Amino acid sequence: MKTKSDATNIHYIKNIGGPTLGYSEGSGVSILQVDGYSFKDLNKDGQLDKYEDWRVSPEERAKDLASKMSIEQIAGLMLYSRHQSIPSMSRGPYKYTYNGKEYPVSNANAWDLSDQQKAFLEKDHLRHILVTSVESTKAAVRWNNGVQAFAEGTDLGIPANNSSDPRHGTDASAEFNEGAGGDISMWPESLGIAATFDPEISRRFGSIASKEYRALGLTTALSPQVDLATDPRWYRFVGTFGEDPALSTDMGRAYIDGFQTSTGEKEVSEGWGYESVNAMVKHWPGGGSGEGGRDAHFGYGKYAVYPGDNFQTHLIPFLEGAFKLEGKTKKASAVMPYYTISYDQDPVNGEDVGNSYNSYIINDLLRKKYGYDGVVCTDWLITADEPDNVDQFAGKPWGVEKGYTVAERHYKLLMAGVDQFGGNNEVQPVIEAYYMGVAEHGEAYMRQRFEDSAIRLLKNIFRAGLFENPYLTIEESEKTVGNSQFMEEGYEAQLKSVVLLKNKNNILPLKKGKTVYIPKRYIAASEDWFGNPVPEKYDYPVNIDVVKKYFNITEKSEEADFGLAFITNPDNQFNPESGTGFSRADVEAGGNGYVPISLQYGTYTAKYAREKSIAGNRSYKEKTMTPANTTDLEMIIELKKEMHGKPVIVSLLMNKPAVVEEFEQDVQAIVANFGVQDQVIFDILTGESEPSGLLPMQLPANMRTVEEQNEDVPHDMECYKDSEGNVYDFAYGLNWQGVIEDKRTTKYKK
């Protein structure tokens with residue numbers, strides 16, 4: 001039966017006992033009738049090719065299509081676009097146009113394809129697109145349909161595999177009302193999901209998120225991040241499931257099962273189908289052990305170090321989790337290595353190069369020893385040239401900065417076992433790399449090498465059902481994305497992620513209707529990822545309208561029953577002078593630029609840091625730094641004075657561990673969260689919900705233990721012991737009865 005969607009000019013044909021086909025009227029695709037079934041003639045040759053036959057396995061279809069592709073087409077399939085927003089705005093390094101004009105003055109619709117998108121789809125044969133922000137579900141649907149129609153009209157009709165970084169974080173100020181929907185369901189960050197210590201919540205998140213992704217036209221998730229966050233200073237800590245191998249393994253496995261599994265009529269083959277989203281697990285072999293806690297997005301953080309000889313532990317969440325799923329899809333469909341150089345971890349070639357460039361780490365370990373046969377995609381922009389300064393955001397070709405052209409970097413990656421190049425829209429260097437291989441190994445070898453990667457990449461597109469129907473309808477997508485059920489489940493997960501650290505004299509829960517004084521919070525000026533200035537801010541740190549539903553608010557501390565301070569862990573703001581481990585001011589003063597990353601609020605001097613760094617001249621011993629948000633500590637001290645003995649409660653947003661000794665003894669309660677709506681905090685404070693979260697990491701006693709721990713070893717710090725005698729160790733948390741001891745702590749607590 002044939003139907004038509006007038007809004008998008010898409011035709012649909014329902015096969016009895018088979019899939020519904022969707023195709024664009026203007027793409028040139030016709031419908032073939034064979035054995036009583038309908039098939040799309042994607043290459044427009046009037047015959048049913050094996051890759052067009054939905055009755056054939058994804059593996060065989062991928063092999064057939066790969067054999068038909070030119071080297072240029074396979075090279076394009078190996079590309080993964082830079083960040084694309086809908087609409088494409090002109091900002092930072094991402095400058096896009098519509099008919100030669102920037103979006104604000106172009107009169108283009110939000111969902112129109114930019115000039116650059118049309119070019120990389122047609123000229124560069126690109127089919128993997130990274131999508132960032134979208135104006136609305138409607139815009140996302142129309143953009144997806146436009147991309148898919150454009151792709152369908154090309155030679156072989158290969159659909160686009162659109163993807164996303166995690167996009168289900170919370171809008172703290174948003175209110176939750178049962179039965180109300182939203183732009184997309186809101187969940188705690190991965191660290192918050194880990195704080196529930198319940199893998200079923202991780203699985204349920206994956207299942208819901210996959211449905212919302214598919215409704216937005218997204219079929220690959222650049223997640224989960226199963227790196228063991230074994231250094232507490234790492235700014236990407238919040239995107240992980242914490243520092244514990246067992247918890248991270250269970251959470252990652254459940255997350256991927258949720259994302260990849262389709263059931264019932266939605267299943268196509270072996271658990272894959274129309275509700276499946278490919279999971280690109282990251283970052284092999286683990287990126288959480290950067291020396292000094294620095295991060296490899298920048299040159300100052302390029303080295304991961306293993307002073308505890310603990311490299312193998314970092315592989316556990318991959319080998320026992322991502323590659324041993326409980327569901328029918330069996331393993332994560334793709335893997336992303338991290339930017340880092342895993343320092344001194346290559347016993348075969350002795351190379352200290354970025355993980356994707358390292359043949360031992362990809363070919364010998366991942367491919368051969370551990371038998372991983374899915375897609376390996378580099379992290380973004382590792383083939384581009386490095387910037388002039390190590391604190392600038394640009395290319396990240398760590399270990400091959402000098403002596404390699406861009407094309408030679410692509411060739412080295414291919415020989416190391418990589419299939420795909422993240423953040424590269426241009427096909428030419430991949431083609432050049434092919435001919436380098438022909439010169440060294442012969443054409444037959446390189447043709448097969450390209451086809452091997454093409455088969456892996458195409459399988460992920462076939463398994464998601466995109467060759468049959470990559471199109472969406474606005475009505476169905478708007479019913480799915482952010483619907484009330486998904487919003488409610490996300491809110492419940494937020495509640496379960498909150499960790500009660502301190503509750504002196506059982507001050508919590510509080511009765512509704514009390515009067516609260518909430519001091520305004522100062523946030524210092526900083527810079528964003530790309531070096532753009534972010535102005536200072538002084539305002540309420542919480543949605544006051546939400547507060548009013550629970551308490552009376554006063555601006556006079558003497559009128560309040562209690563004070564409530566909202567803070568974040570130290571160094572929350574991205575600041576090149578105090579948050580990254582590198583300081584331009586130190587360079588200007590004649591230093592090497594390297595400074596400590598502090599987890600305490602007051603000024604810190606690195607008395608116990610290494611005399612000599614492990615990798616390069618990067619020691620920061622005896623150097624001093626003050627976190628950008630040291631004013632959080634000042635605010636709490638002042639609040640205690642103003643309250644004159646009345647209770648002070650702290651709500652602590654944690655993106656990584658914090659040293660709380662500077663204020664803990666001065667407050668009556670501390671409630672920690674990992675990214676939740678304001679309303680969640682007040683539901684906990686008033687007893688609408690009982691806290692049940694557990695710390696997915698240790699909180700250090702002081703900065704000495706942070707400096708003396710090994711970057712690669714979990715659970716190796718002295719933990720903080722509070723004034724109530726409780727130790728803030730992994731798997732610690734309070735409920736109204738006291739320290740939580742249950743089946744979760746029995747299973748995971750060390």
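Residues numbered from 1 in each chain as written. Predicted model: local features only at pLDDT ≥ 70, side-chain atom pairs only at ≥ 80, totals over all residues. Heavy atoms only, no water.

1. Structural notes on the packing of helix α6 (residues 199-215) against helix α14 (residues 484-497)
- At a closest axis distance of 11 Å, the pairing of α6 and α14 adopts a crossing angle of 150°. Taken together, the axis directions place α6 and α14 in an arrangement best described as roughly antiparallel. Regarding α6 and α14, the two cross each other, and that crossing is left-handed. Facing α6, whose interface residues are Ile201, Arg204, Ile208, Lys211 and Glu212, α14 presents Gln485, Phe486, Glu489, Ala493 and Lys496.
- Split by residue class, the contact of α6 with α14 holds 4 nonpolar, 1 polar and 5 charged. (Axes fitted to C-alpha atoms, helices over the stretch in contact; angles between N-to-C directions. Helix = DSSP H or I, 4+ residues; strand = E, 2+ residues; numbered from the N terminus. Parallel < 35°, antiparallel > 145°, perpendicular 65-115°, else oblique. Left-handed = near helix turned anticlockwise from the far one by under 90°. Contact = heavy atoms within 4.5 Å. Nonpolar A, V, L, I, M, F, W, Y, C, P; charged D, E, K, R; others polar.)

2. A look at the confidence of the model for the chain
- Across the chain, pLDDT averages 94, with 96% of residues at or above 70.
- Every residue in residues 1-7 scores below 50 in pLDDT, and together they form 16 contacts with partners more than four places removed in sequence or on other chains. (pLDDT = per-residue confidence, 0-100.)

3. Describing the nonpolar core
- Grouped together as the largest cluster of nonpolar side chains are 197 residues, with contacts concentrated most on Trp284, Phe323, Phe450, Leu458, Leu508, Phe663 and Phe682.
- A per-element tally of this core places helix α12 (residues 443-463) first, with 8 residues. (Core = buried A, V, L, I, M, F, W, Y, C linked by side-chain atoms within 4.5 Å. Buried < 20%, exposed > 50% of the residue type's maximum accessible area, 1.4 Å probe, protein only.)

4. A short note on empty space enclosed by the protein
- Throughout the structure, instances matching the rule amount to 5 cavities of 30 Å³ or more.
- Roughly 120 Å³ of volume is contained in the largest cavity.
- As for the largest cavity, its lining consists of 14 residues, of which Glu291, Arg610, Tyr620, Glu707 and Glu711 are closest to the centre.
- In terms of residue class, the lining of the largest cavity is built from 2 nonpolar, 4 polar and 8 charged.
- Here the second largest cavity defines a volume of roughly 70 Å³.
- Together, Tyr80, His128, Asn161, Thr220, Asn278, Met280, Ser333, Ala334, Val375, Gln420, Leu457 and Asn460 line the second largest cavity.
- At the level of elements, β15 (278-284) and α12 are the ones that each hand at least two residues to the lining of the second largest cavity.
- Per-class residue counts for the lining of the second largest cavity are 5 nonpolar, 7 polar and no charged. (1 Å grid on protein atoms, 1.4 Å probe; cavity = no way out; pocket = protein on both sides within 12 Å on 5 of 7 lines; lining within 4 Å. Points joined across faces, edges and corners; volume = space filled by probe spheres on them.)

5. Side note on the environment of histidine 83
- Among the structural elements, histidine 83 can be located in strand β7 (residues 83-86).
- Taking the C-alpha atoms as reference points, histidine 83 and valine 376, separated by 293 residues in sequence, lie 19 Å from one another.

6. Here we look at the sheet that holds strand β17 (residues 334-337)
- As summarised here, the arrangement of the 7 strands in space is β7-β10-β11-β12-β15-β17-β19, forming an open sheet in which the pairing is parallel. Both edges of this open sheet fall to β7 and β19 (375-376), since each of them pairs with a single strand only.
- Sheet topology note: the β15/β17 ladder contains 4 bridges and is parallel. Counterpart to methionine 280 in the pairing with β17 is alanine 334. (Pairing = 2+ DSSP bridges.)

7. Side note on the pattern of salt bridges
- Tallied over the full model, the rule gives 45 salt bridges.
- The partner of glutamate 275 in a salt bridge is lysine 211, and the shortest N-O contact between them spans 3.7 Å. You can see glutamate 275 sitting in the loop between β14 (272-273) and β15 and its partner lysine 211 sitting in helix α6, a full 64 residues away along the chain.
- A residue is classified by how much of its surface remains accessible, and lysine 211, at 25% relative accessible area, is partly exposed.
- Note that aspartate 586 and lysine 623 form a salt bridge whose closest N and O atoms lie 2.8 Å from each other. A residue pair is termed long-range when its members are at least 10 positions apart, and aspartate 586 in helix α16 (residues 584-588) and lysine 623 in the loop between β29 (604-605) and β30 (624-625) qualify at 37 residues.
- Looking at aspartate 586, the relative accessible area reads 16%, which means it is buried. (Salt bridge = Lys/Arg side-chain N within 4 Å of Asp/Glu carboxyl O.)

8. Observations regarding the environment of glycine 422
- Within the secondary structure, glycine 422 sits in strand β20 (residues 421-422).
- In this view, glycine 422 contacts Tyr80, Cys377, Thr378, Asp379, Trp380 and Leu381; residues no more than four positions away in its chain are not counted.

9. Here we look at helix α4 (residues 137-152)
- Counted at 1.5 Å a residue, the expected span for α4 with its 16 residues is 22 Å, and the 22 Å between its end C-alpha atoms agrees.
- Burial in α4 covers these residues: Thr137, Ala139, Ala140, Val141, Trp143, Asn144, Asn145, Val147, Gln148, Ala149, Ala151 and Glu152. (Expected span 1.5 Å × (residues − 1).)

10. Considerations on the packing of aromatic side chains
- If you walk through the whole model with that rule in mind, you get 36 aromatic pairs.
- Taken together, a centroid distance of 5.2 Å and an interplanar angle of 25° make the contact between phenylalanine 39 and tryptophan 54 stacked. With phenylalanine 39 in strand β5 (residues 37-41) and tryptophan 54 in the loop between β5 and α1 (58-68), the pair connects residues that are 15 residues apart, well separated along the chain.
- Given a relative accessible area of 15%, tryptophan 54 falls into the buried group.
- Relative to tyrosine 255, the ring of phenylalanine 241 lies with its centre 6.1 Å away and its plane at 70°, an arrangement referred to as edge-to-face. (Phe/Tyr/Trp six-rings, centres within 6.5 Å; stacked < 30°, edge-to-face > 60°.)

11. A short note on the layout of surface pockets
- Roughly 1200 Å³ of internal volume is contained in the second largest pocket.
- Surrounding the second largest pocket, 39 residues form its lining, Thr20, Lys266, Tyr274, Asn469 and Tyr471 being those nearest its centre.
- If you list the elements that add at least two residues to the lining of the second largest pocket, you get β2 (10-14), α1, α4, α6, β13 (267-269) and α13 (474-480).
- Sorting elements by how many residues they give to the lining of the second largest pocket places α13 first, with 4 residues.
- For the lining of the second largest pocket, the class distribution of residues is 13 nonpolar, 14 polar and 12 charged.

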